Amino acid sequence: MPDIPQTECREAIALRAAGKAFALDDGGSVVALDGIDISIREGEFVAILGPSGCGKSTVLRLVAGLETATSGTVHIEGRAPAELAAHHRLGVAFQDHALLPWLSVSDNVALPFRVARKPVARDTIARLIALVGLSGFENARPSQLSGGMRQRASIARALALDPDVLLLDEPFGALDAVTRRHMNIELQRIWSARTLTTVLVTHSVEEALFLADRIIVMTGRPGRVLRDVAVPFARPRTPEALRTAQFHAMVDDLTRALEPQG
Amino acid sequence: MAGLTSLPTRLRRLKRSCAQRAPALIGIGLFCLAWQLIGSYRLAGLTWPPLSVVIGYLVDPDHHRLLTRAASTTLRAVALGYLIGAGIGLFLALAVRLFRPARAGIDTFVALIHVTPAIALAPVFMILMHRDAIPVAICALAVTYLIYVAATSGLDGAKRHHIDLFAVMGARPWQRFWLLERPTALPAIASGLKLAIPVAFMGTIVGEWFGAARGLGLLMVSGMQNFQIPMLWAAVLLTTLTSLVLYALMGLVERAVERRFA
Ligand SMILES: Nc1ncnc2c1ncn2[C@@H]1O[C@H](COP(=O)(O)OP(=O)(O)OP(=O)(O)O)[C@@H](O)[C@H]1O
Ligand SMILES: [Mg+2]
């Protein structure tokens with residue numbers, strides 16, 4: 001990658017004409033993504049909105065290096081996505097939490113340390129567990145938690161090693177509105193403290209507008225980018241920002257973009 | 001958390017588990033009664049002694065030396081064959097896990113040994129090894145197969161989303177093995193170890209029929225040949241009871257592992 005002097009313009013994640021087709025058992029194939037172009041700057045927070053099945057998780061899996069593009073390219077910092085993972089600099093919270101059932105909450109959050117063979121930072125883990133509101137549940141097993149609590153534990157795990165790239169796939173899906181708002185505010189604090197390139201898949205337009213610098217709206221079958229909208233609100237954003245007329249206008253606009261074309 | 005349950009809760013659980021076991025206890029009672037009646041009324045001829053006669057043979061101090069010698073010989077062979085079989089089974093499962101190209105070959109080899117009846121192998125053993133080693137060998141062979149199948153399927157049992165998690169954490173293959181596949185496999189291995197108990201007894205007893213100098217299997221054969229019917233049945237009952245008790249104990253281990261790892 002050529003050296004670009006202005007660090008804030010450095011491209012962190014680049015999907016160029018990236019396509020993904022899944023082979024099906026019956027010999028056919030389904031095109032999940034059709035030539036997607038997405039460019040995400042270092043430290044940028046991008047939210048992806050789109051109807052169910054449009055390929056949002058597939059985009060994240062390409063960026064995480066869990067799938068390879070069948071056409072086009074996917075790069076992180078100019079390299080293959082798997083390299084970032086190999087250096088333990090990637091944090092992912094999956095759609096289905098993926099906690100290990102035999103480990104306690106704190107051991108699940110500590111897992112990235114063990115895999116990276118770093119000394120387990122007990123205070124970091126305690127801080128992250130407090131951040132996601134699970135203090136007192138350190139020794140609970142995932143089976144003893146609610147769905148939303150498991151999701152929060154998996155967010156804490158994704159943040160454990162202070163990653164450079166964070167991928168969140170509908171991490172707040174199972175949370176009630178109040179907890180969700182609280183999580184949004186808490187997490188915004190982390191993002192204001194350091195540069196953390198983040199891709200968030202969500203179904204909530206409000207959440208996307210509250211957290212993201214930019215919103216990408218996708219359409220399905222095959223998945224394409226429909227809109228790419230910059231979020232104009234200044235940071236730090238307060239819950240009051242959610243009540244302005246401009247905010248409501250953008251919510252309406254994006255909600256309409258998400259409705260099926262007819 | 002199990003240690004914290006209060007006494008009333010435990011009593012309630014005990015009551016419930018007694019209630020759950022009632023049908024089994026009634027079943028065993030009916031079985032014993034039927035045995036006794038068939039024997040007393042000679043419904044199945046002279047070779048079916050009443051249960052009381054068999055138990056009388058077992059508790060008669062005159063027979064204790066004979067029975068304990070036979071039982072300890074058989075138990076030692078069972079234990080040795082079980083451990084050797086479990087060891088080889090686990091080792092083979094690990095080997096094909098760590099060196100995947102060997103998988104197909106060893107799978108076929110192990111299946112081939114399994115479909116060959118132990119009875120058919122016994123003559124081969126008789127010319128290959130000392131007759132006292134045959135019970136151990138047949139027992140080990142049967143146990144090897146069971147544990148190999150349980151362990152390989154257990155090691156393959158890791159969930160897709162957990163495998164993805166280890167990929168994005170940048171885990172090395174051996175870390176994935178140790179932190180994910182090994183704990184995932186433990187419940188299946190524990191089940192295999194439980195199911196291997198009766199198999200180990202069967203293998204050992206069959207092995208003893210091929211000219212062992214001592215053991216419960218030998219008592220059965222000589223009881224049959226010399227028409228010592230109570231001794232024959234006493235040996236059968238003793239074998240069955242020992243096998244059942246060990247099976248139940250391994251069931252407890254299985255449940256504990258299941259609770260811990262699944
Ligand atoms: N492993 C796979 N094999 C076959 N088809 C797949 C596979 N994974 C995804 N797909 C298909 O790709 C399309 C996009 O799936 P994806 O999971 O990315 O959707 P999504 O936008 O995340 O949906 P949701 O909002 O419901 O999570 C779907 O049509 C799905 O059927
Ligand atoms: Mg999805």
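It should be emphasised that the depicted structure is a prediction, and the values quoted were computed from it without experimental measurement.

S.K.: Describe the overall build of chain B, and please don't skip the residues or the numbers.
M.R.: Tallying secondary structure elements over chain B gives 10 helices and zero strands in all. If you line up chain B on its principal axes, its C-alpha atoms span 70 × 60 × 30 Å. With 262 residues in all, chain B has 39% of them scored as buried. Of the contacts formed within chain B by residues at least 6 apart in sequence, a portion of 69% connects residues at least 24 apart. Here chain B displays about 14900 Å² of accessible surface, and carbon together with sulfur accounts for 72% of that area. The positive charge centre, built from 24 side chains, and the negative charge centre, built from 10, are 9 Å apart in chain B.

S.K.: Describe the interface of chain A and chain B, with residues and values.
M.R.: The interface is formed by 23 residues belonging to chain A together with 21 residues belonging to chain B. Roughly 2000 Å² is buried in total at the junction of chain A and chain B, and carbon and sulfur atoms are behind 62% of that figure. Sorting the residues of chain A by area buried against chain B places W102, V115 and R117 of chain A first, and these three jointly supply 32% of that buried surface. Taken together, chain A and chain B are joined by one salt bridge. For R61 of chain A, the salt bridge identified is with D164 of chain B, shortest N-O distance 2.8 Å. Along the contact surface separating chain A from chain B lie seven residue pairs in polar contact (both at pLDDT 80 or more). Going through the elements one at a time, α2 (81-86), β5 (90-93) and α3 (105-115) of chain A are the ones with two or more residues in the side of chain A that touches chain B. The element contributing the most residues to the side of chain A that touches chain B is α3 of chain A, with four residues. Grouping the amino acids of the side of chain A that touches chain B by side-chain chemistry returns 15 nonpolar, two polar and six charged.

S.K.: Could you give an account of the coordination of the magnesium ion (ligand 2), with specific residues and numbers?
M.R.: In the first shell of the magnesium ion (ligand 2), the protein supplies S57 of chain A (OG) and Q95 of chain A (OE1), at 1.9 to 2.5 Å from the metal. Of this pair, S57 of chain A sits in helix α1 (residues 56-63) while Q95 of chain A is found in the loop between β5 and α3, placing the two residues 38 residues apart along the sequence.

S.K.: So what's going on with the UniProt feature "transmembrane region" (unreviewed entry) in chain B? Which residues, and what values?
M.R.: All names here are of chain B. UniProt's feature table lists "transmembrane region" (unreviewed entry) at residues 21-38, 75-96, 108-128, 134-151, 185-211 and 231-253, given in the numbering used throughout. In residues 108-128, the share of helix is 90% and the share of strand is 0%. The end C-alpha atoms are 23 Å apart. Secondary structure content for residues 134-151 is 100% helix and 0% strand, and the end C-alpha separation is 25 Å.

Reading the values: the criteria
Residues numbered from 1 in each chain as written. Chains lettered and ligands numbered in written order. Predicted model: local features only at pLDDT ≥ 70, side-chain atom pairs only at ≥ 80, totals over all residues. Heavy atoms only, no water. Helix = DSSP H or I, 4+ residues; strand = E, 2+ residues; numbered from the N terminus. Buried < 20%, exposed > 50% of the residue type's maximum accessible area, 1.4 Å probe, protein only. Contact = heavy atoms within 4.5 Å. Areas by Shrake-Rupley, 256 points an atom, 1.4 Å probe, with all protein chains shown as cover. Lys, Arg positive; Asp, Glu negative; His and termini not counted. Charge placed at Lys NZ, Arg CZ, Asp CG, Glu CD. Buried area = accessible area lost by both parts, 1.4 Å probe. Salt bridge = Lys/Arg side-chain N within 4 Å of Asp/Glu carboxyl O. Polar contact = N/O pair within 3.5 Å; in protein donor to acceptor, adjacent residues only side chain to side chain. Nonpolar A, V, L, I, M, F, W, Y, C, P; charged D, E, K, R; others polar. Donors = N, O, S within 2.8 Å, 3.2 Å for Na, K, Ca; no water. UniProt positions renumbered as here; feature names shortened; annotations may be inferred.

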